[in-house]
Amino acid sequence: MTEPARRHIAIIGAGAIGVISAIELLRDGHRVTVIEPATPGGEQAASYGNAGWLSTHSVIPPAMPGTWKNVPKFLSDPLGPLAVRWSYLPKALPWLVQYLLSGWTDARVEATARALRPLLIDAPALHRKLAEEAGVGHLIERQGVMHVYPSRAAFDADALGWSIRKRVGVTWMELSADEMRQREPDLHPRYQFGVLVEEAGRCRDPGGYVAALADHARSLGAEFVAATARGLRQANGKPVSVLTDKGEVTCDAVVVAAGAHSKPLAASIGDRLPLETESGYHVMIESAETGPRTSMMASDAKMVVNWTDRGLRAAGQVEIAGLAAAPNWKRAEILRDHLLGMFPKLPKDLPPAAIRSWLGHRPSMPDGRPCLGYSSASRDVVYAFGHGHVGLVSSARTGRVVAQLIGGREPEIPVAPFDPKRYL
Ligand SMILES: Cc1cc2nc3c(=O)[nH]c(=O)nc-3n(C[C@H](O)[C@H](O)[C@H](O)COP(=O)(O)OP(=O)(O)OC[C@H]3O[C@@H](n4cnc5c(N)ncnc54)[C@H](O)[C@@H]3O)c2cc1C
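Keep in mind the model is a prediction, meaning the values are calculated, not measured. (Residues numbered from 1 in each chain as written. Predicted model: local features only at pLDDT ≥ 70, side-chain atom pairs only at ≥ 80, totals over all residues. Heavy atoms only, no water.)

Trainee: Would you mind showing me how to read the overall build of the chain here?
Mentor: Per the secondary structure count, the chain includes 13 helices and 21 strands. Taken over C-alpha atoms, the radius of gyration comes to 21 Å for the chain, in line with the 22 Å a tight globule of 424 residues would show. Each of the three principal axes of the chain carries a C-alpha extent, and together these read 65 × 45 × 45 Å. Counting all 424 residues of the chain, 59% fall into the buried class. (Helix = DSSP H or I, 4+ residues; strand = E, 2+ residues; numbered from the N terminus. Rg over C-alpha atoms; globule rule 2.2 N^0.38 Å. Buried < 20%, exposed > 50% of the residue type's maximum accessible area, 1.4 Å probe, protein only.)

Spelled out as structure tokens, the structure:
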């Protein structure tokens, strides 16, 4: 095998995608500069406050056949699990149309599931290895995750998603009400049916994990520049620098991994990609004494409950309101109320200071697939953004693929479905 050419790579963004890409590029012997204005793993990043699921089975895109029927609800119920802010509708409309169309038929949903599965498979093992290298192996656990439903009929209503999961190789165990009670004695008895996906894992502190990976990248030689990228500058079709608010960073190649903020960076070299943000929230009870034994998703609330090293976290909600919208903390209160309802032994009179709330921005493409591939302008600009609801779980494989693309090698998984040019 030929040695990869050593070059200077600038990575924009130090979320999960950026820092893991940095580690994989350093492994190939490249010089790496990470441009990030904030603390890696800090609250500004979606990678900080997500639910921590390493769910290898999260292959079903957000839009499904029939989702269009819910559009009036998206618009009329501002606090529903998925809502579009009226004031943002004109801006979001083209994205929403593409979103609905990409889930219009079973075949389209299955195509996305087949594309995503290789990106997610083995994620707990890949993350565990990375975490061990970074000295935080304990943050990644491979104990399975659970979906809980009020009834078997409610599970059956999700049949399309589960049948597609089965076709792409996901296996699971179904749990009766009694089996659920034995496993989850503190869960409210209104949940009568469960699905345990044993292959999935979880992260005990996504923000701490990303911070540790950034430290690891630093120890391998990455340089971190505290700056905000404003665009890319090219000469003869090649990137020569990243323009930042603190000056130019010259380089041989660029990886754009600025999460939901990546759109203007791609546009600076002419790639107008339909990246939108799906805002999400979490609430965290820092000193909870009861909760799930296995990390779980409540199907009725579309909310994941996960123990983290910072407290008991409930994360979910989707709001299409753009990056500039002020948080709507009522959404966090909805998550809190669901959480307290799920685990009746949690105290109902918690003082506000005992609960922390957070808003994050998922970087979302309409079809639920990331942009992972070369820019239209040059093979020296690689896009690695738009991972939507699965950016943590998929970040380990994404980082490897980024290094393979930069090195001009054949990626280890099929990446044609993620080609940014599908929208150009
Ligand atoms: C409520 C919620 C729950 C979620 N649950 C899960 C889950 O359980 N499992 C899962 O896999 N995924 C989950 N996700 C999705 C996941 O968090 C994201 O897909 C993932 O974190 C995206 O990672 P990223 O590195 O692309 O972006 P980010 O983590 O957002 O990082 C981007 C970084 O780029 C920096 N940046 C931005 N603009 C610039 C610029 N111009 N110049 C330089 N740097 C810049 C930012 O400061 C930031 O640090 C969830 C998301 C939310 C909101």
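Trainee: What should I look at first to understand the site of the ligand in this one?
Mentor: Taken together, 35 residues sit near the ligand, with Glu 36, Ser 47, Ala 229, Gly 388 and Val 393 positioned nearest. In this structure, Asn 50 approaches the ligand through a side-chain N or O atom, which is 3.2 Å from an oxygen atom. Between the ligand and the protein, one listed contact pairs an oxygen atom with a backbone N or O atom of Gly 52 at 3.3 Å. When residues of the shell around the ligand are traced back to their parent elements, those giving at least two are α1 (16-27), α2 (46-49), β15 (276-285) and β19 (355-364). A total of 3 residues in the shell around the ligand trace back to one element, the largest contributor, which is β19. Partitioning the shell around the ligand into residue classes produces 19 nonpolar, 14 polar and 2 charged. (Near = heavy atom within 4 Å. Polar contact = N/O pair within 3.5 Å; in protein donor to acceptor, adjacent residues only side chain to side chain. Nonpolar A, V, L, I, M, F, W, Y, C, P; charged D, E, K, R; others polar.)

Trainee: In this structure, what is going on with the nonpolar core? I would like to understand it.
Mentor: The nonpolar side chains of soluble globular proteins are, as a tendency, buried together. Residues Leu 25, Tyr 209 and Val 255 are the most contacted members of the largest nonpolar core, which totals 75 residues. Here this core takes 8 residues from α1, the largest share from any one element. Apart from the residues within four sequence positions on either side, Val 255 is in contact with Ile 9, Ala 10, Ile 11, Ile 12, Leu 25, Val 382, Ala 384, Val 402 and Ile 406. Within the second largest apolar cluster, 27 residues are counted, among which are Tyr 191, Leu 312, Leu 340 and Ile 355. (Core = buried A, V, L, I, M, F, W, Y, C linked by side-chain atoms within 4.5 Å. Contact = heavy atoms within 4.5 Å.)

Trainee: Explanation requested: the packing of aromatic side chains in the structure shown.
Mentor: Two measures describe an aromatic ring pair: the distance that separates the ring centres and the angle between the ring planes. Under the defined criterion, the tally for this structure stands at 9 aromatic pairs. Between Trp 95 and Tyr 99, the ring centres sit 5.0 Å apart and the planes meet at 20°, which makes this aromatic pair stacked. Remark: Tyr 99 and Trp 95 occur in helix α4 (residues 89-102); sequence separation between them is 4 residues, near one turn of the helix. We classify Trp 95 as buried; its relative accessible area is 4%. The exposure class of Tyr 99 is buried, given its relative accessible area of 3%. Seen from their ring centres, Tyr 149 and Phe 155 are 5.5 Å apart, and the 80° between their planes marks the pair as edge-to-face. Residue classification places Phe 155 among the buried positions, given a relative accessible area of 5%. Pairwise contacts between aromatic rings join Tyr 149, Phe 155, Trp 162, Trp 172 and Phe 193 into one cluster. (Phe/Tyr/Trp six-rings, centres within 6.5 Å; stacked < 30°, edge-to-face > 60°.)

Trainee: Is there a simple way to explain the packing of α1 against helix α13 (residues 395-406) in this structure?
Mentor: The geometry of a pair of packed helices is captured by two quantities: the angle between their axes and the separation between those axes. Packing of α1 against α13 leaves a shortest axis separation of 8 Å and a crossing angle of 50°. What the angle tells us is that α1 and α13 run oblique. For α1 against α13, the interelement crossing comes out right-handed. Facing Ala 16, Ile 17, Ile 20, Ser 21, Glu 24 and Leu 25 of α1, the residues of α13 in contact are Ser 395, Ala 396, Thr 398, Gly 399, Arg 400, Val 402, Ala 403 and Ile 406. Each residue belonging to the contact of α1 with α13 can be placed in one class, and the counts come to 8 nonpolar, 4 polar and 2 charged. (Axes fitted to C-alpha atoms, helices over the stretch in contact; angles between N-to-C directions. Parallel < 35°, antiparallel > 145°, perpendicular 65-115°, else oblique. Left-handed = near helix turned anticlockwise from the far one by under 90°.)

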